[in-house]
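Results of the structural survey
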Amino acid sequence: MALETWLIKVKTAISHKLDVVRVSAPHPKPVAKSKVGVLAFEIAGLMTKLLHLWQSLSDKNIIRLRNESISLEGIRKIISNDEDFLLSLACAEIVENLRHLASSLSRLTKRCDDAKLRNFDQLFDEFANSGRDPHNWVLSWKDMEAKYKKMDRYVTITATLYREIEELSVMENGLRKALQSNEHELSSSKEQKIIDLQQKILWQRQEVKYLKERSLWNRSFDTVTSVLVRSIFTILARTKLVFGMGRSSPSSLSRSLSASATVHPSDQNPSTPACHFVSGPLKPAKQEENNGIANNGFFESNSKILKPPALTLGGAALAIHYANLIIVIEKMIKSPQLVGVDARDDLYSMLPSSIRSSLRARLKGVGFSASDPSLAGEWREALGRILAWLSPLAHNMIKWQNERSFEQQNLVPKTNVLLLQTLFFANKEKTEAAITELLVGLNYIWRFEREMTAKALFECNKNLNGLLNLQSSN
(Lines give C-alpha, C1' and ligand atoms only; values in the text may rest on other atoms or scores of the structure.)
Protein backbone atom coordinates (compact mmCIF):
# COMPACT_ATOMS: atom_id res chain seq x y z
CA MET A 1 0.00 0.00 0.00
CA ALA A 2 2.81 2.34 0.92
CA LEU A 3 4.61 1.38 -2.29
CA GLU A 4 1.50 2.16 -4.34
CA THR A 5 1.17 5.59 -2.70
CA TRP A 6 4.84 6.38 -3.42
CA LEU A 7 4.51 5.39 -7.10
CA ILE A 8 1.46 7.65 -7.49
CA LYS A 9 3.41 10.57 -6.01
CA VAL A 10 6.37 9.99 -8.35
CA LYS A 11 4.06 9.77 -11.37
CA THR A 12 2.32 12.99 -10.37
CA ALA A 13 5.63 14.80 -9.88
CA ILE A 14 6.98 13.71 -13.27
CA SER A 15 3.76 14.70 -15.02
CA HIS A 16 3.87 18.12 -13.33
CA LYS A 17 7.47 18.69 -14.43
CA LEU A 18 6.66 17.75 -18.01
CA ASP A 19 3.76 20.23 -18.01
CA VAL A 20 6.05 22.96 -16.72
CA VAL A 21 8.61 22.22 -19.41
CA ARG A 22 5.87 22.17 -22.05
CA VAL A 23 4.45 25.52 -20.90
CA SER A 24 7.78 27.24 -20.43
CA ALA A 25 9.37 25.96 -23.66
CA PRO A 26 11.05 28.95 -25.37
CA HIS A 27 9.63 30.26 -28.63
CA PRO A 28 11.91 29.74 -31.62
CA LYS A 29 14.09 32.79 -32.19
CA PRO A 30 13.41 34.74 -35.36
CA VAL A 31 15.96 34.15 -38.07
CA ALA A 32 18.44 37.03 -38.11
CA LYS A 33 18.35 39.06 -41.30
CA SER A 34 21.54 38.73 -43.34
CA LYS A 35 23.83 41.74 -43.45
CA VAL A 36 25.51 43.25 -46.47
CA GLY A 37 29.01 42.62 -45.13
CA VAL A 38 31.89 42.58 -47.58
CA LEU A 39 29.46 43.05 -50.50
CA ALA A 40 29.17 46.67 -49.31
CA PHE A 41 31.89 47.75 -51.72
CA GLU A 42 30.26 46.15 -54.78
CA ILE A 43 26.90 47.60 -53.78
CA ALA A 44 28.46 51.04 -53.25
CA GLY A 45 29.79 50.84 -56.82
CA LEU A 46 26.32 50.05 -58.14
CA MET A 47 24.84 52.88 -56.09
CA THR A 48 27.38 55.29 -57.54
CA LYS A 49 26.42 54.40 -61.09
CA LEU A 50 22.70 54.66 -60.30
CA LEU A 51 23.24 58.07 -58.70
CA HIS A 52 25.18 59.21 -61.75
CA LEU A 53 22.41 58.07 -64.10
CA TRP A 54 19.74 59.77 -62.01
CA GLN A 55 21.74 62.99 -61.98
CA SER A 56 22.20 62.84 -65.76
CA LEU A 57 18.39 62.88 -66.09
CA SER A 58 17.94 66.05 -64.04
CA ASP A 59 16.20 69.00 -65.69
CA LYS A 60 19.47 70.93 -65.91
CA ASN A 61 21.36 68.11 -67.65
CA ILE A 62 18.50 67.33 -70.02
CA ILE A 63 18.31 70.98 -71.09
CA ARG A 64 22.10 71.01 -71.54
CA LEU A 65 21.87 67.85 -73.66
CA ARG A 66 19.24 69.43 -75.90
CA ASN A 67 20.77 72.90 -76.21
CA GLU A 68 24.52 72.22 -76.03
CA SER A 69 25.67 68.60 -76.31
CA ILE A 70 23.91 67.64 -79.53
CA SER A 71 24.53 71.10 -81.00
CA LEU A 72 28.34 70.76 -81.09
CA GLU A 73 29.75 71.77 -84.47
CA GLY A 74 31.70 68.53 -84.83
CA ILE A 75 28.59 66.42 -84.27
CA ARG A 76 26.70 68.37 -86.91
CA LYS A 77 29.55 68.12 -89.42
CA ILE A 78 30.54 64.45 -89.31
CA ILE A 79 27.87 62.57 -87.29
CA SER A 80 24.35 63.87 -87.95
CA ASN A 81 22.28 67.03 -88.08
CA ASP A 82 19.08 65.18 -87.15
CA GLU A 83 18.15 66.06 -83.57
CA ASP A 84 15.71 63.18 -83.15
CA PHE A 85 18.39 60.70 -84.21
CA LEU A 86 20.98 62.23 -81.86
CA LEU A 87 18.52 62.17 -78.97
CA SER A 88 17.68 58.56 -79.72
CA LEU A 89 21.41 57.76 -79.45
CA ALA A 90 21.59 59.52 -76.07
CA CYS A 91 18.50 57.69 -74.85
CA ALA A 92 19.72 54.32 -76.13
CA GLU A 93 23.05 54.72 -74.31
CA ILE A 94 21.32 55.56 -71.02
CA VAL A 95 19.02 52.55 -71.45
CA GLU A 96 22.01 50.32 -72.28
CA ASN A 97 23.75 51.47 -69.10
CA LEU A 98 20.59 50.65 -67.18
CA ARG A 99 20.51 47.19 -68.74
CA HIS A 100 24.09 46.48 -67.61
CA LEU A 101 23.32 47.76 -64.12
CA ALA A 102 20.19 45.60 -63.97
CA SER A 103 22.30 42.58 -64.90
CA SER A 104 24.70 43.29 -62.01
CA LEU A 105 21.81 43.96 -59.65
CA SER A 106 20.14 40.70 -60.67
CA ARG A 107 23.05 38.72 -59.23
CA LEU A 108 22.49 40.42 -55.89
CA THR A 109 18.72 39.94 -55.85
CA LYS A 110 19.16 36.16 -56.17
CA ARG A 111 20.60 36.23 -52.62
CA CYS A 112 17.54 37.95 -51.13
CA ASP A 113 15.06 36.31 -48.76
CA ASP A 114 12.17 38.28 -50.29
CA ALA A 115 10.66 36.31 -53.18
CA LYS A 116 9.60 39.52 -54.98
CA LEU A 117 13.20 40.74 -55.05
CA ARG A 118 14.43 37.37 -56.28
CA ASN A 119 12.04 37.79 -59.22
CA PHE A 120 13.61 41.15 -60.16
CA ASP A 121 14.72 40.05 -63.67
CA GLN A 122 11.26 39.20 -64.90
CA LEU A 123 9.60 42.19 -63.23
CA PHE A 124 12.13 44.66 -64.64
CA ASP A 125 11.78 43.33 -68.19
CA GLU A 126 8.01 43.43 -67.84
CA PHE A 127 8.14 47.03 -66.63
CA ALA A 128 10.48 48.02 -69.48
CA ASN A 129 8.27 46.44 -72.14
CA SER A 130 4.79 47.24 -70.84
CA GLY A 131 5.18 49.78 -68.02
CA ARG A 132 3.52 47.37 -65.57
CA ASP A 133 4.67 47.89 -61.96
CA PRO A 134 2.68 45.45 -59.77
CA HIS A 135 4.65 46.21 -56.58
CA ASN A 136 4.68 50.01 -57.03
CA TRP A 137 8.47 50.13 -57.02
CA VAL A 138 8.62 53.42 -58.98
CA LEU A 139 9.24 56.27 -56.54
CA SER A 140 8.01 59.84 -56.79
CA TRP A 141 10.55 62.57 -57.55
CA LYS A 142 10.53 63.70 -53.92
CA ASP A 143 11.07 60.18 -52.57
CA MET A 144 13.81 59.49 -55.12
CA GLU A 145 15.64 62.67 -54.19
CA ALA A 146 15.49 61.59 -50.53
CA LYS A 147 16.86 58.15 -51.49
CA TYR A 148 19.53 59.90 -53.59
CA LYS A 149 20.86 61.80 -50.59
CA LYS A 150 20.76 58.70 -48.41
CA MET A 151 22.59 56.56 -50.98
CA ASP A 152 25.14 59.30 -51.58
CA ARG A 153 25.87 59.37 -47.84
CA TYR A 154 26.22 55.59 -47.73
CA VAL A 155 28.58 55.62 -50.73
CA THR A 156 30.80 58.24 -49.08
CA ILE A 157 30.97 56.39 -45.76
CA THR A 158 31.56 53.03 -47.46
CA ALA A 159 34.38 54.50 -49.53
CA THR A 160 35.93 55.82 -46.29
CA LEU A 161 35.52 52.36 -44.74
CA TYR A 162 37.38 50.82 -47.68
CA ARG A 163 40.31 53.21 -47.20
CA GLU A 164 40.42 52.60 -43.45
CA ILE A 165 40.39 48.82 -43.92
CA GLU A 166 43.27 49.19 -46.36
CA GLU A 167 45.13 51.31 -43.81
CA LEU A 168 44.46 48.71 -41.09
CA SER A 169 45.83 45.98 -43.36
CA VAL A 170 49.01 47.98 -43.95
CA MET A 171 49.45 48.51 -40.18
CA GLU A 172 48.91 44.83 -39.39
CA ASN A 173 51.42 43.79 -42.05
CA GLY A 174 53.89 46.28 -40.62
CA LEU A 175 53.45 44.86 -37.12
CA ARG A 176 53.86 41.31 -38.41
CA LYS A 177 57.15 42.20 -40.12
CA ALA A 178 58.38 44.09 -37.05
CA LEU A 179 57.71 41.08 -34.81
CA GLN A 180 59.38 38.67 -37.22
CA SER A 181 62.51 40.81 -37.62
CA ASN A 182 62.90 41.30 -33.85
CA GLU A 183 62.30 37.77 -32.58
CA HIS A 184 65.87 37.37 -31.28
CA GLU A 185 66.79 40.91 -30.26
CA LEU A 186 64.44 43.56 -28.91
CA SER A 187 65.93 46.85 -27.82
CA SER A 188 63.87 49.17 -25.64
CA SER A 189 63.33 51.65 -28.51
CA LYS A 190 62.18 48.94 -30.94
CA GLU A 191 59.93 47.47 -28.28
CA GLN A 192 58.35 50.89 -27.74
CA LYS A 193 57.76 51.27 -31.49
CA ILE A 194 55.96 47.91 -31.54
CA ILE A 195 53.82 48.96 -28.57
CA ASP A 196 52.95 52.24 -30.31
CA LEU A 197 52.05 50.37 -33.51
CA GLN A 198 49.85 47.97 -31.55
CA GLN A 199 48.05 50.93 -29.99
CA LYS A 200 47.52 52.51 -33.44
CA ILE A 201 46.11 49.22 -34.72
CA LEU A 202 43.72 49.11 -31.77
CA TRP A 203 42.49 52.62 -32.56
CA GLN A 204 42.25 51.79 -36.27
CA ARG A 205 40.13 48.71 -35.52
CA GLN A 206 37.79 50.87 -33.47
CA GLU A 207 37.51 53.30 -36.39
CA VAL A 208 36.76 50.45 -38.81
CA LYS A 209 34.13 49.07 -36.42
CA TYR A 210 32.51 52.51 -36.13
CA LEU A 211 32.43 52.94 -39.93
CA LYS A 212 30.95 49.46 -40.42
CA GLU A 213 28.07 50.46 -38.17
CA ARG A 214 27.40 53.63 -40.18
CA SER A 215 28.04 52.30 -43.68
CA LEU A 216 26.36 49.68 -45.87
CA TRP A 217 28.34 46.92 -44.15
CA ASN A 218 25.91 46.40 -41.25
CA ARG A 219 22.69 47.15 -43.13
CA SER A 220 20.11 44.49 -43.92
CA PHE A 221 20.88 42.91 -47.30
CA ASP A 222 17.24 42.80 -48.41
CA THR A 223 16.63 46.40 -47.36
CA VAL A 224 19.64 47.73 -49.28
CA THR A 225 18.82 45.62 -52.34
CA SER A 226 15.24 46.90 -52.24
CA VAL A 227 16.54 50.48 -52.39
CA LEU A 228 18.62 49.61 -55.46
CA VAL A 229 15.69 47.87 -57.14
CA ARG A 230 13.29 50.75 -56.55
CA SER A 231 15.92 53.23 -57.74
CA ILE A 232 16.56 51.45 -61.05
CA PHE A 233 12.78 51.18 -61.67
CA THR A 234 12.46 54.91 -61.01
CA ILE A 235 15.41 55.81 -63.27
CA LEU A 236 13.94 53.79 -66.13
CA ALA A 237 10.57 55.47 -65.61
CA ARG A 238 12.25 58.90 -65.64
CA THR A 239 14.15 57.97 -68.83
CA LYS A 240 10.91 57.03 -70.58
CA LEU A 241 9.27 60.23 -69.41
CA VAL A 242 12.12 62.50 -70.48
CA PHE A 243 12.56 60.96 -73.92
CA GLY A 244 8.85 60.38 -74.56
CA MET A 245 9.09 56.61 -74.88
CA GLY A 246 6.27 54.06 -74.63
CA ARG A 247 3.48 54.54 -72.14
CA SER A 248 3.35 57.60 -69.97
CA SER A 249 5.24 57.41 -66.68
CA PRO A 250 3.99 58.69 -63.33
CA SER A 251 3.50 62.45 -63.41
CA SER A 252 5.16 62.66 -59.99
CA LEU A 253 8.49 62.00 -61.73
CA SER A 254 8.32 65.17 -63.81
CA ARG A 255 9.63 68.24 -62.05
CA SER A 256 9.00 70.58 -64.93
CA LEU A 257 7.12 70.07 -68.15
CA SER A 258 9.46 72.44 -69.96
CA ALA A 259 12.51 70.30 -69.31
CA SER A 260 10.86 67.19 -70.71
CA ALA A 261 9.34 69.06 -73.63
CA THR A 262 12.74 70.39 -74.70
CA VAL A 263 13.91 66.91 -75.58
CA HIS A 264 11.54 66.41 -78.50
CA PRO A 265 10.91 69.79 -80.12
CA SER A 266 9.54 68.09 -83.21
CA ASP A 267 6.61 66.83 -81.14
CA GLN A 268 5.67 70.43 -80.46
CA ASN A 269 6.28 71.55 -84.05
CA PRO A 270 5.04 69.02 -86.61
CA SER A 271 5.99 71.28 -89.50
CA THR A 272 9.73 70.98 -88.78
CA PRO A 273 11.40 69.81 -92.04
CA ALA A 274 13.15 66.44 -92.14
CA CYS A 275 16.88 66.65 -91.33
CA HIS A 276 19.74 65.06 -93.20
CA PHE A 277 21.58 62.07 -91.75
CA VAL A 278 25.31 62.44 -92.25
CA SER A 279 26.21 58.84 -91.39
CA GLY A 280 23.85 57.13 -93.78
CA PRO A 281 20.17 56.32 -94.31
CA LEU A 282 18.57 55.95 -90.88
CA LYS A 283 14.87 55.63 -90.05
CA PRO A 284 13.22 58.32 -87.96
CA ALA A 285 13.82 57.63 -84.26
CA LYS A 286 10.16 57.32 -83.30
CA GLN A 287 9.32 54.80 -86.03
CA GLU A 288 12.45 52.75 -85.30
CA GLU A 289 11.64 52.73 -81.60
CA ASN A 290 8.01 51.66 -81.96
CA ASN A 291 8.77 48.93 -84.51
CA GLY A 292 11.69 47.63 -82.45
CA ILE A 293 9.80 47.43 -79.15
CA ALA A 294 6.90 45.65 -80.80
CA ASN A 295 9.15 43.05 -82.44
CA ASN A 296 12.12 42.61 -80.11
CA GLY A 297 11.45 44.18 -76.74
CA PHE A 298 12.52 47.43 -75.12
CA PHE A 299 16.18 46.71 -74.35
CA GLU A 300 16.86 44.79 -77.55
CA SER A 301 15.51 47.59 -79.76
CA ASN A 302 17.64 50.18 -77.94
CA SER A 303 20.76 48.02 -78.31
CA LYS A 304 20.19 47.97 -82.08
CA ILE A 305 20.17 51.78 -82.18
CA LEU A 306 23.70 51.78 -80.73
CA LYS A 307 25.05 49.50 -83.46
CA PRO A 308 27.05 51.84 -85.75
CA PRO A 309 26.47 51.76 -89.52
CA ALA A 310 29.27 50.35 -91.70
CA LEU A 311 30.19 53.82 -93.02
CA THR A 312 31.07 55.13 -89.55
CA LEU A 313 34.35 54.89 -87.64
CA GLY A 314 32.68 52.68 -85.04
CA GLY A 315 31.42 50.35 -87.75
CA ALA A 316 34.95 50.15 -89.19
CA ALA A 317 36.51 49.71 -85.69
CA LEU A 318 38.69 52.79 -86.26
CA ALA A 319 37.25 55.26 -83.71
CA ILE A 320 39.99 54.84 -81.07
CA HIS A 321 42.80 54.77 -83.63
CA TYR A 322 41.58 57.93 -85.37
CA ALA A 323 41.11 59.67 -82.02
CA ASN A 324 44.75 58.98 -81.12
CA LEU A 325 45.84 60.08 -84.59
CA ILE A 326 43.98 63.40 -84.31
CA ILE A 327 45.45 64.06 -80.85
CA VAL A 328 49.01 63.44 -82.15
CA ILE A 329 48.42 65.78 -85.12
CA GLU A 330 47.00 68.42 -82.74
CA LYS A 331 50.17 68.36 -80.63
CA MET A 332 52.36 68.67 -83.71
CA ILE A 333 50.36 71.60 -85.06
CA LYS A 334 50.73 73.44 -81.75
CA SER A 335 54.53 73.03 -81.78
CA PRO A 336 55.67 72.25 -85.35
CA GLN A 337 59.21 73.48 -84.62
CA LEU A 338 59.66 70.62 -82.13
CA VAL A 339 58.66 67.90 -84.61
CA GLY A 340 61.65 65.92 -85.79
CA VAL A 341 61.97 63.77 -88.88
CA ASP A 342 61.53 60.59 -86.83
CA ALA A 343 58.29 61.87 -85.27
CA ARG A 344 57.05 62.81 -88.72
CA ASP A 345 57.81 59.29 -90.00
CA ASP A 346 56.07 57.76 -86.98
CA LEU A 347 52.99 59.84 -87.72
CA TYR A 348 52.99 58.67 -91.34
CA SER A 349 53.19 55.04 -90.21
CA MET A 350 49.99 55.57 -88.17
CA LEU A 351 48.01 56.55 -91.27
CA PRO A 352 45.68 53.98 -92.83
CA SER A 353 46.02 53.34 -96.56
CA SER A 354 42.95 55.42 -97.45
CA ILE A 355 44.37 58.56 -95.82
CA ARG A 356 47.82 57.93 -97.32
CA SER A 357 46.30 57.79 -100.79
CA SER A 358 44.33 61.00 -100.37
CA LEU A 359 47.37 62.72 -98.81
CA ARG A 360 49.60 61.76 -101.73
CA ALA A 361 46.98 63.06 -104.15
CA ARG A 362 46.76 66.39 -102.27
CA LEU A 363 50.54 66.85 -102.07
CA LYS A 364 51.17 65.96 -105.72
CA GLY A 365 52.61 68.98 -107.51
CA VAL A 366 53.23 70.92 -104.29
CA GLY A 367 56.62 72.64 -104.43
CA PHE A 368 59.38 72.02 -101.91
CA SER A 369 59.58 75.67 -100.88
CA ALA A 370 57.46 76.83 -97.93
CA SER A 371 58.72 80.34 -97.23
CA ASP A 372 55.53 82.43 -97.45
CA PRO A 373 54.70 83.77 -93.93
CA SER A 374 51.20 84.90 -94.93
CA LEU A 375 50.34 81.46 -96.35
CA ALA A 376 51.71 79.81 -93.21
CA GLY A 377 49.50 82.12 -91.13
CA GLU A 378 46.44 81.22 -93.21
CA TRP A 379 47.18 77.52 -92.75
CA ARG A 380 47.46 77.97 -88.97
CA GLU A 381 44.06 79.69 -88.88
CA ALA A 382 42.48 76.99 -91.03
CA LEU A 383 43.95 74.20 -88.91
CA GLY A 384 42.75 75.93 -85.75
CA ARG A 385 39.20 76.07 -87.09
CA ILE A 386 39.22 72.35 -87.97
CA LEU A 387 40.68 71.32 -84.62
CA ALA A 388 38.13 73.48 -82.78
CA TRP A 389 35.35 71.07 -83.76
CA LEU A 390 37.28 67.84 -84.44
CA SER A 391 39.56 67.74 -81.40
CA PRO A 392 36.75 67.63 -78.75
CA LEU A 393 35.30 64.53 -80.41
CA ALA A 394 38.72 62.83 -80.37
CA HIS A 395 39.40 63.67 -76.73
CA ASN A 396 35.87 62.58 -75.77
CA MET A 397 36.49 59.25 -77.53
CA ILE A 398 39.56 58.54 -75.41
CA LYS A 399 37.82 59.72 -72.24
CA TRP A 400 34.75 57.58 -72.93
CA GLN A 401 36.91 54.51 -73.57
CA ASN A 402 39.03 55.05 -70.44
CA GLU A 403 35.95 55.43 -68.25
CA ARG A 404 34.57 52.11 -69.46
CA SER A 405 37.91 50.37 -69.01
CA PHE A 406 38.19 51.35 -65.35
CA GLU A 407 34.50 51.44 -64.40
CA GLN A 408 34.85 48.42 -62.10
CA GLN A 409 37.53 50.22 -60.09
CA ASN A 410 35.96 53.66 -59.78
CA LEU A 411 33.62 54.69 -57.00
CA VAL A 412 33.52 58.32 -58.12
CA PRO A 413 30.82 59.65 -60.49
CA LYS A 414 31.80 59.70 -64.13
CA THR A 415 31.64 62.63 -66.51
CA ASN A 416 28.63 63.07 -68.77
CA VAL A 417 30.42 62.16 -72.00
CA LEU A 418 28.03 60.30 -74.28
CA LEU A 419 28.93 58.08 -77.20
CA LEU A 420 27.30 60.52 -79.63
CA GLN A 421 29.87 63.14 -78.52
CA THR A 422 32.76 60.96 -79.70
CA LEU A 423 34.05 59.71 -83.05
CA PHE A 424 32.15 56.42 -82.72
CA PHE A 425 29.26 57.44 -85.02
CA ALA A 426 31.37 59.80 -87.16
CA ASN A 427 31.18 59.38 -90.93
CA LYS A 428 34.46 57.73 -92.01
CA GLU A 429 34.83 59.58 -95.31
CA LYS A 430 34.19 63.02 -93.81
CA THR A 431 36.55 62.37 -90.89
CA GLU A 432 39.33 61.21 -93.20
CA ALA A 433 38.86 64.33 -95.33
CA ALA A 434 39.29 66.52 -92.23
CA ILE A 435 42.39 64.55 -91.13
CA THR A 436 43.88 64.84 -94.61
CA GLU A 437 43.35 68.61 -94.52
CA LEU A 438 45.15 68.74 -91.15
CA LEU A 439 48.06 66.75 -92.56
CA VAL A 440 48.40 68.98 -95.64
CA GLY A 441 48.42 72.08 -93.46
CA LEU A 442 50.84 70.49 -90.96
CA ASN A 443 53.14 69.58 -93.84
CA TYR A 444 53.33 73.22 -94.94
CA ILE A 445 53.83 74.84 -91.54
CA TRP A 446 56.37 72.13 -90.58
CA ARG A 447 58.43 72.86 -93.71
CA PHE A 448 57.97 76.58 -93.13
CA GLU A 449 59.34 76.32 -89.58
CA ARG A 450 62.31 74.24 -90.77
CA GLU A 451 63.11 76.71 -93.57
CA MET A 452 62.84 79.66 -91.19
CA THR A 453 65.11 77.87 -88.70
CA ALA A 454 67.62 77.00 -91.43
CA LYS A 455 67.53 80.56 -92.73
CA ALA A 456 68.11 81.94 -89.24
CA LEU A 457 71.04 79.58 -88.68
CA PHE A 458 72.51 80.55 -92.07
CA GLU A 459 72.28 84.26 -91.23
CA CYS A 460 73.78 83.61 -87.82
CA ASN A 461 76.72 81.68 -89.30
CA LYS A 462 77.19 84.33 -91.98
CA ASN A 463 77.34 87.12 -89.40
CA LEU A 464 79.66 85.05 -87.20
CA ASN A 465 82.04 84.36 -90.11
CA GLY A 466 82.02 88.04 -91.03
CA LEU A 467 82.88 89.00 -87.48
CA LEU A 468 85.74 86.47 -87.34
CA ASN A 469 87.12 87.69 -90.68
CA LEU A 470 86.98 91.27 -89.43
CA GLN A 471 88.87 90.35 -86.24
CA SER A 472 91.56 88.40 -88.14
CA SER A 473 92.15 91.28 -90.54
CA ASN A 474 92.74 93.60 -87.59
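Further up the page is the structure itself.
Notes on the structure in this doc start here. (Residues numbered from 1 in each chain as written. Predicted model: local features only at pLDDT ≥ 70, side-chain atom pairs only at ≥ 80, totals over all residues. Heavy atoms only, no water.)

1. A few points about the pattern of salt bridges
Inspection of every chain in the model, using the stated rule, returns twelve salt bridges. Salt-bridge contacts for Asp114 lead to Lys116; the nearest nitrogen and oxygen are separated by 3.7 Å. Among the residues examined, Asp114 registers a relative accessible area of 27% and is labelled partly exposed. You can call Lys116 partly exposed: its relative accessible area is 37%. Here Glu330 and Lys334 are joined by a salt bridge, their closest N and O atoms 3.8 Å apart. (Salt bridge = Lys/Arg side-chain N within 4 Å of Asp/Glu carboxyl O. Buried < 20%, exposed > 50% of the residue type's maximum accessible area, 1.4 Å probe, protein only.)

2. Points about the side chain of Glu432
With respect to the secondary-structure elements, Glu432 resides in helix H19 (residues 428–473). With a relative accessible area of 10%, Glu432 lands in the buried category. Only 2.8 Å separates the side chain of Glu432 from the side chain of Ser354, close enough to count as a polar contact. In contact with Glu432, not counting residues within four places along its chain, are Tyr322, Ser354 and Ile355. (Helix = DSSP H or I, 4+ residues; strand = E, 2+ residues; numbered from the N terminus. Polar contact = N/O pair within 3.5 Å; in protein donor to acceptor, adjacent residues only side chain to side chain. Contact = heavy atoms within 4.5 Å.)

3. What about the packing of helix H8 (residues 141–181) against helix H9 (residues 188–214)?
With their axes 9 Å apart at the nearest point, H8 and H9 run at an angle of 155° to one another. The angle between the axes of H8 and H9 places the two elements in the roughly antiparallel class. Of the two elements, H8 crosses H9, and the hand of that crossing is left-handed. Within the contact of H8 with H9, the residues separate by chemical class into 14 nonpolar, four polar and eight charged. (Axes fitted to C-alpha atoms, helices over the stretch in contact; angles between N-to-C directions. Parallel < 35°, antiparallel > 145°, perpendicular 65-115°, else oblique. Left-handed = near helix turned anticlockwise from the far one by under 90°. Nonpolar A, V, L, I, M, F, W, Y, C, P; charged D, E, K, R; others polar.)

4. Notes on the side chain of Thr225
With respect to the helices and strands, Thr225 occurs in helix H10 (residues 221–243). Using a relative accessible area of 0% as the deciding quantity, one classes Thr225 as buried. Among residues more than four places away in sequence, those in contact with Thr225 are Leu105, Thr109 and Cys112.

5. As for the environment of Lys212
Of note, Lys212 is situated in helix H9. With relative accessibility at 24%, the residue Lys212 sits in the partly exposed group. The spacing of Lys212 and Tyr162 is 50 residues in sequence and 9.8 Å in space, taken between C-alpha atoms. Not counting residues within four places of it along the chain, the set of residues in contact with Lys212 comprises Leu161, Ile165, Trp217 and Asn218.

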